[in-house]
Amino acid sequence: MLKRKHRNIIEVINLLSGKQRTPLSRVEELINSFQTKSDKKKGLVWFGEKVSSSFYFGLANRNIPVLQTAKNLIYSNKKLLIVVGLFVLAKYGKNNPRKVFSYFKAFAKHDDRQIRSAAAIAFRRVVAKNRAESFKYLKRLVFDINIYVRQFVCETLRPVRENKWLLDNPEKSLTILKGFMWDGNMSVKKKLSTNLGEPL
């Protein structure tokens with residue numbers, strides 16, 4: 001089973017390298033084959049992050065352009081590939097934050113709720129490694145015209161398990177979040193309330 005999984009990972013990496021012409025449906029099929037019953041229970045976003053690590057390191061070790069590969073995934077119009085691509089993008093963004101900011105903003109606006117959620121969760125990984133730069137960027141998005149982008153800022157800065165570091169210096173994130181106190185959209189205010197742990 002493990003050997004088969006390893007072969008499938010290698011095949012996906014080869015397909016993503018662009019050396020083989022193949023429909024993205026084949027990539028999707030192979031990635032789906034990695035899912036266990038436990039993975040399915042935990043959900044698409046959890047699974048997308050799990051498998052993205054294997055692909056990211058596989059691409060990097062073979063000198064395959066990671067950013068271009070991630071772009072191919074996120075613009076595939078296939079939900080699973082988009083989610084995996086966002087987490088690959090986040091891994092790349094840890095060392096190249098400015099190169100990924102605009103992609104996360106674009107997918108923060110996506111019509112699909114799970115994809116918007118994946119964008120925020122993945123972007124937390126970028127923020128954690130690039131705090132000052134990321135905070136400046138998020139602060140600019142507070143007054144964005146798009147409701148989903150404003151929700152994205154709130155969701156990115158939620159003090160959940162992977163964001164516990166925010167509590168070491170809460171003033172940094174609160175400086176950004178206080179901009180939503182006067183937001184006229186109730187859904188954004190609900191996100192803010194969830195973030196602060198205070199019921200509306």
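Please refer to the structure placed before this passage.
We now turn to the structure provided with this report. (Residues numbered from 1 in each chain as written. Predicted model: local features only at pLDDT ≥ 70, side-chain atom pairs only at ≥ 80, totals over all residues. Heavy atoms only, no water.)

### A look at the overall build of the protein
Argument step 1. On a plain count of helices and strands, the protein comes out with 12 helices and 0 strands.
Argument step 2. Ordering the α and β elements of the protein from the N terminus gives α-α-α-α-α-α-α-α-α-α-α-α.
Argument step 3. The C-alpha radius of gyration computed for the protein amounts to 18 Å, which stays within 12% of the reference 16 Å derived for 200 residues, consistent with globular compactness.
Argument step 4. Taken along the three principal axes of its C-alpha coordinates, the protein extends 50 × 35 × 30 Å.
Argument step 5. Residue burial in the protein is summarised as follows: out of 200 residues, 46% are buried.
Argument step 6. The contacts of the protein with a sequence gap of at least 6 include a subset with a gap of at least 24, amounting to 60%.
Argument step 7. For the protein, the exposed surface amounts to about 11,000 Å²; the carbon and sulfur share of it is 51%.
Argument step 8. For the protein, the distance from the average position of its 40 positive side-chain charges to the average position of its 15 negative side-chain charges is 4 Å. (Helix = DSSP H or I, 4+ residues; strand = E, 2+ residues; numbered from the N terminus. Rg over C-alpha atoms; globule rule 2.2 N^0.38 Å. Buried < 20%, exposed > 50% of the residue type's maximum accessible area, 1.4 Å probe, protein only. Contact = heavy atoms within 4.5 Å. Areas by Shrake-Rupley, 256 points an atom, 1.4 Å probe, with all protein chains shown as cover. Lys, Arg positive; Asp, Glu negative; His and termini not counted. Charge placed at Lys NZ, Arg CZ, Asp CG, Glu CD.)

### Comments concerning the packing of helix H7 (residues 97-108) against helix H10 (residues 147-156)
Argument step 1. Contact geometry for H7 and H10: axes closest at 8 Å, N-to-C directions at 115°. Taking contact as the criterion, the partners of Phe104, Lys105 and Ala108 in H7 are, on H10, Tyr148, Val149 and Phe152.
Argument step 2. Partitioned by chemical class, the residues of the contact of H7 with H10 number 5 nonpolar, no polar and 1 charged. (Axes fitted to C-alpha atoms, helices over the stretch in contact; angles between N-to-C directions. Nonpolar A, V, L, I, M, F, W, Y, C, P; charged D, E, K, R; others polar.)

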